[in-house]
Amino acid sequence: MALTFHSLEDVSSKMVLVGLLVLSILHSYVFGMQPTQISQQASSPHHPSQEQTPLGTDNLSFPWSRLRLPRYIIPRHYLITVHPNITRLYFTGTVMIEIDVQINTNWVVLHSKGLEISKANILDENLAHLSDQVLPCLHNPAHEQIGVFSPRVLISGQKYFLYIEYGAELAEGFRGFYKSTYMTSSGEIRTLASTHFEPTGARMAFPCFDEPSFKAIFSVRIRRSSKYISLSNMPIVKSLEVDNDLMEDQYDTSVKMSTYLVAFVVCDFKSVTAKTSSGIQVSVYADPEKMTQTNYALEVAIKMLDFYEEYFNIHYPLPKCDLIAVPDFQMGAMENWGLTTYRESSLLFHPNISSASDTLWVTMVIGHELAHQWFGNLVTMKWWNDIWLNEGFACYMEYISVDATYPELKVGENFLHTCFAAIAHDSLKSSRPISSPAENPTHIQEMFDSISYFKGACILHMLHHFLSDEVFQTGIVRYLRKYSYQNAENQDLWDSLDNTCSQEDFNLGQQCYSREQHHKNSYTLAGENMDLTAMMNTWTLQKGIPLVIVKREGPRLMLKQVRFLRTELPSDPLWSTLQRGYLWHIPLTYKMDTSSNVHRHMMTTLTDSVHVGENVSWVKVNVDMTGYYVVHYENGGWDEITKLLRENHTALSYKDRTHLLHNAFQLVTAGYLPLNKVFDLIGYLHLETHTVPLLIGLGYLKGLYHLIEKGSDAELVENFRNFILQFFRALIDKQVWSEDGPVSTRRLRSKVLSLACHLNDTSSLNEAHRRFKDWLQSNGALKLPTDVAETVYAVGAQDDHGWGSLLHMYKSASSPAQKDKFLFALTTSRDTNKLQRLLDLGLEGHVIRPMDLPTVIVLVARNPQGHHIAWNFVKKNWSTLVEKFQLGSSTIQHILIGTISQFSSPEEYTEVKLFFESIREHSSQFKGPQLALDNLQNNVRWMQRNLGTLKNCVSQKNNS
């Protein structure tokens, strides 16, 4: 599942089931049987002598008290028939589950949420009913479970079938089986039904064993009107007419997979189709009027599948792969096996509108979801505590795949920012280990965060460079092969990369070592044998990120590792407590002026040292930032680096230069480095020509400006504005208002001109005004350069006529990329009434879709005139937001952190803390408030420690 930065429902009360079990609605084979066999055997109850009556529930209590399901019932095969009535917004369904009984029991306990169970029965392996009475079905809404009671004991080792009939409304929101709509160019509203099950939404569409380790095979049948089509994981075997204008599509039986990967869609979409080199049919679906925007996604998907089949040396397991753009979608995308679902803006591409950043985003999201077809779908984590095995790998593989298939996008230049985002989260007190306990649905939702995705990708990148390309690729292929159609955990990955195996595999002549011979295959670094498991456990089982403090003493480099924290200073009382017990095995790399080699050292103790020689003038630790750690240089080390950058910055790679800039700003926040040292360091940027260090320097100065522009010190704001404009004057003047050049140049152009206009640079504003006026007079027919269009719209949105025109065009725009640019521009207005109107439109959900409401909230909060408006909106509508986007979701976290990200005063901290205390009763399981408070505390302390220095630095630089 791709993140985009873009509540528990009560189940109905216990019901007594009534009625006869009727299976004649099934129209083809079940688990290999013919239709006639089913009707003959299943229509006759085991004791047909009298009419069935319900068994009482008065003397029964729910048999299971834990959140995780019992392991004494194992599902093997689901037959699901579902009929969504698009007009009534209601669906009915039946599910027949072949189950294996491990321990004698009278109960089958499984998941169900929000489903009205109308009928349940249990059949033996011959499809004969075990009871001539309706079976009681008890509900445990708090755990989202139901229990079906059988008066006859289910015998261990025997096969049974659980049959359930049910119904429910198509969900409002973005989980389970939910409704979505789109508008045609003529203004007609059309409805479709789509699913999103990860992590715990399958139970909202059919009763099931909704945990990742309960893998099974699925046979799906979907009933629909003839004016719609249906899609599911597998190809359609046949379509039957079961009633007047009612069709039933019967899908091929799936491979073995987890419930969260099941998917179905009923819609009126069209598609484009092509085949991979190995014959996989790939189709991209979208609403009929957006078909011209699907060709790029089809091209990308073909290339990606070809690449992954070769890289993993494992064929894509299904005969087809569909990609569909769902109009209402909370996340970026979802990897359902054979039917990947996407936000429209994550899949559709318009060559005349989509910018370089849009191109990169669509390519990377497709690369991410198709990587999941192996990492996540073929091999799945055993439990959600290890979701990083899915998401960290997919996040990392999207970079590897895009770099291989679209080298012109230079995706590697973005990877550093992925790690910077991970560090921002991981350096807070409220961070968590990559592998963390997660039991209830809220905790499980919280696992889908920057730690699982971004930190997971970054430690894999570190491991990749530690092991080498060949060893890393061989190891992950071994992992995928060994655990295909199974579930895995951390240790299984380390064993695969460490080339160990079971004694049985060893005896069969596999190319690996037994555990007893593990020491013979240890990796060697700096002459020492390393235990890969011990090393990686320090990165996955403890939270945080290490700071390596480097100090020169004669010919030696003295090293010390501590936990890096942005919210606590070493002088703070809590600092030593927060450091206790933390130790990482760090694969250090370093380079120096006396050698062109990259040197390596494994640091496994709190203090260490390496010999570098007397004649070394500078040392750069963490070469190209292949390691996931921050570096601080003591005893004048930063002065040496500043001197190097000013005199010969190309002695270091662009990645090293970017890493140094990032580390320096982070160390100011953590209290290790004074701000004036950073201003000295960034002085070299006048010489910089590579886009990545320029973007990081630009980004940090822009971030500081946004932090202070919301304050009351108008003089500082004006001085800092002048400083940034003068500092980047040459860079601004060099930009052209076009879409010429490579992707990296185009992305830099977009950022530079956007900042220049935000800072009221006269020449940039005049050019943007001119272009907006011409574009508006052409009624949108004039093509704006894609990479500067958003900036032009934002400038035009500052007056009433421009804002109103953009809102009108937003309503009718057919390109998701275009709509996103319009929406951004609308949120830059300095008119607070307009900002409030956007928030209200997002909550209303007609003009601005509910899925875009979080984006509107965060964008309004970033506006100097909007941050308190957005925060008051969140407080007022908190219950509604939680209902729409679910407590614990990355969306709710994004809203909280994004809304208060520009707060920086103690008074604001107190206000936010009081609000979080007021909602604690209903949000006690949610960790997002603490994460948001940590970020806010970081801002407050930064301002307290550095505001005076910032004033002095800006004043000195302007005067000079």
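Here the structure is shown first, and the text comes after it.
To keep things clear, this report deals only with the structure shown in the data block. (Residues numbered from 1 in each chain as written. Predicted model: local features only at pLDDT ≥ 70, side-chain atom pairs only at ≥ 80, totals over all residues. Heavy atoms only, no water.)

### Focus: the sheet that holds strand E5 (residues 137–140)
Ordered by their spatial adjacency, 3 strands build an open sheet running E3-E6-E5, and the pairing between neighbours is antiparallel. In this open sheet, the two edge strands, each paired with only one partner strand, are strand E3 (105–111) and E5. Adjacent strand axes in the sheet meet at a mean angle of 25° when their direction is disregarded. Pairing between E3 and strand E6 (residues 145–154): 6 bridges, direction antiparallel. Following the sheet pairing, Val-109 is matched in E6 by Gly-147. (Pairing = 2+ DSSP bridges. Helix = DSSP H or I, 4+ residues; strand = E, 2+ residues; numbered from the N terminus. Axes fitted to C-alpha atoms, helices over the stretch in contact; angles between N-to-C directions.)

### Focus: helix H25 (residues 832–844)
In this model H25 runs 18 Å from its N-terminal to its C-terminal C-alpha over 13 residues, within 8% of the 18 Å that 1.5 Å per residue would give. Those residues of H25 that sit buried are Lys-834, Leu-835, Leu-838, Leu-839, Leu-841 and Gly-842. Seen end-on, H25 carries its buried residues on one side only, within an arc spanning 160°. Close packing links the buried residues of H25 with helix H23 (800–812), helix H24 (816–826), helix H26 (853–862) and helix H27 (867–876). (Expected span 1.5 Å × (residues − 1). Buried < 20%, exposed > 50% of the residue type's maximum accessible area, 1.4 Å probe, protein only. Arc of directions from axis to C-beta. Contact = heavy atoms within 4.5 Å.)

### Notes on the state of the cysteines
Covalent bonding between the sulfur atoms of two cysteines is what defines a disulfide. Applying the stated criterion across every chain yields a total of 1 disulfide. Two residues share a disulfide in this structure: Cys-419 and Cys-458, whose sulfurs sit 2.1 Å from each other. When the S-S torsion is -115°, as for the bridge of Cys-419 with Cys-458, the disulfide is left-handed. Of this pair, Cys-419 sits in helix H6 (residues 412–426) while Cys-458 is found in helix H8 (residues 450–467), placing the two residues 39 residues apart along the sequence. Cys-458 sits in the buried class, given a relative accessible area of 1%. (Disulfide = S-S within 2.5 Å.)

### Some thoughts on the sheet that holds strand E27 (residues 556–563)
Taken together, the 4 strands give an open sheet; going across it, the order is E30-E27-E26-E32, and neighbouring strands pair in mixed fashion. Looking along the sheet, the strands with just one partner apiece sit at the ends: strand E30 (607–611) and strand E32 (630–633). Strand after strand, the sheet turns through a mean of 25° between neighbouring axes, direction not considered. Of the strand pairs in this sheet, strand E26 (residues 546–553) and E27 are connected by 8 bridges, and their pairing is antiparallel. Of the residues in E27, the one forming a bridge with Glu-553 is Arg-556.

### So, the packing of aromatic side chains
Tallied over the full model, the rule gives 52 aromatic pairs. Here Trp-388 and Trp-494 contribute two aromatic rings whose centre-to-centre distance is 6.0 Å and whose plane-to-plane angle is 35°, an arrangement assigned as tilted. Of the two residues, Trp-388 sits in helix H5 (residues 388–405) while Trp-494 sits in helix H10 (residues 490–497), which places them 106 residues apart along the sequence. Trp-494 matches Trp-388 in its accessibility class, with the two residues each being buried. Taken together, Phe-307, Tyr-308, Tyr-311, Phe-312, Tyr-316, Trp-374, Phe-375, Phe-393, Tyr-479 and Tyr-483 form an aromatic cluster joined through their ring pairs. The residue whose ring lies beneath Arg-68 is Trp-383, and the NZ or CZ to ring-centre distance is 3.6 Å. A cation sits over an aromatic face here: Lys-819 above Tyr-810, 4.0 Å from the ring centre. (Phe/Tyr/Trp six-rings, centres within 6.5 Å; stacked < 30°, edge-to-face > 60°. Lys NZ or Arg CZ within 6 Å of the ring centre and 35° of its normal.)

### What about helix H9 (residues 469–482)?
With 14 residues, H9 extends 20 Å between its outermost C-alpha atoms, agreeing within 8% with the 20 Å of an ideal straight helix rising 1.5 Å per residue. Within H9 the residues assigned to the buried category are Phe-472, Gly-475, Ile-476, Val-477, Tyr-479 and Leu-480. Next to the buried residues of H9 lie helix H2 (295–312), strand E20 (379–381), H5, H8, strand E21 (486–488) and H10.

These values are about where atoms sit, not about what they do.
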